[in-house]
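# Summary of structural features
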Amino acid sequence: MIVCSCAVISDRDIDVAVSEIMSTGPGILPTPGVVFRHLNKKMNCCTCAPLTVAAIYGAMDRLAKTTQVCPYVLAEARAKLIRIEERRKQRQQRIDAEIAKRRVRRPQRACA
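Residues numbered from 1 in each chain as written. Predicted model: local features only at pLDDT ≥ 70, side-chain atom pairs only at ≥ 80, totals over all residues. Heavy atoms only, no water.

### Comments concerning the overall build of the chain
Which entries qualify depends on this criterion: What counts as a helix is a DSSP run of H or I of at least four residues, what counts as a strand is a run of E of at least two, and both are numbered from the N terminus. Here the globule rule reads 2.2 Å times residues to the power 0.38, and the radius of gyration is calculated from C-alpha atoms.
When helices and strands are counted, the chain shows four helices and two strands. Ordering the α and β elements of the chain from the N terminus gives β-β-α-α-α-α. What you see for the chain is a C-alpha radius of gyration of 19 Å, clearly larger than the 13 Å of a compact globule of 112 residues, by over 25%. Along the longest, intermediate and shortest principal axes, the C-alpha atoms of the chain span 70 × 30 × 20 Å.

Below, the structure is given as structure tokens:
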């Protein structure tokens, strides 16, 4: 299945890239940017990012089942990715709360 039509990347390409990235050591997280750089491609419109993340998680799950990569390395990478996602959600919640506060503070102008 084609994941990114701009850069012509398939889910198989992502599987291979994640396998190679995770085999190099525990220090590298297989984020979409890392995977695209590994494939010598660039994200153009970035609409494929959610699908790319899903394909990366799928590749990590398959690697865990086949034990091609150390399960500890995969678990550690998954935990780091989850923490990154949680921080992103918390940041977005703070931004949304600040926007809501600013809307409440603004006095409504009456039309004359």
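### Quick look at unusual backbone geometry
Here is the rule: Relative accessibility under 20% of the residue-type maximum defines a buried residue, over 50% an exposed one, and the middle range a partly exposed one, all with a 1.4 Å probe and only protein chains included.
Look at asparagine 40: it is not a glycine, yet its phi comes out positive at around 55°. Mapped onto the fold, asparagine 40 is located in the loop between α2 (32-38) and α3 (49-66). Taking relative accessible area as the criterion, asparagine 40 reaches 72% and is therefore assigned exposed. Phi is positive for cysteine 46, close to 65°, though the residue is something other than glycine. Topologically, cysteine 46 is positioned in the loop between α2 and α3.

### Re the layout of surface pockets
To be explicit about the condition: Computed over the protein atoms alone on a 1 Å grid, cavities are sets of points where a 1.4 Å probe fits but cannot get out and pockets are open sets with protein on both sides within 12 Å along at least five of seven lines; a residue lines them when it has an atom within 4 Å of a point. Grid points are joined across faces, edges and corners, and a volume is the space filled by probe spheres set on the points. As a working rule, the residues Ala, Val, Leu, Ile, Met, Phe, Trp, Tyr, Cys and Pro are called nonpolar, Asp, Glu, Lys and Arg charged, and the rest polar, with Gly in that last group.
Here the largest pocket defines a volume of roughly 200 Å³. Taken together, Pro30, Thr31, Pro32, Val53, Ile56, Tyr57, Leu81, Ile84, Glu85, Arg88 and Arg91 make up the full set of residues lining the largest pocket. When contributions to the lining of the largest pocket are tallied by element, the ones reaching two or more residues are α3 and α4 (71-105). Residue contributions to the lining of the largest pocket peak at five residues, all from α4. A per-class count over the lining of the largest pocket returns seven nonpolar, one polar and three charged.

### Regarding the side chain of serine 10
Counted only if it meets this: Contacts are assigned to residue pairs with any non-hydrogen atoms lying within 4.5 Å of each other.
Within the secondary structure, serine 10 is located in strand β2 (residues 9-10). The residues touching serine 10, leaving out its near neighbours within four places in the chain, are Met1, Ile2 and Val3.

### Topic: the environment of valine 16
Note on placement: valine 16 falls in helix α1 (residues 11-24). C-alpha of valine 16 to C-alpha of leucine 39: the two residues are 23 residues apart in sequence and 9.5 Å apart in space.

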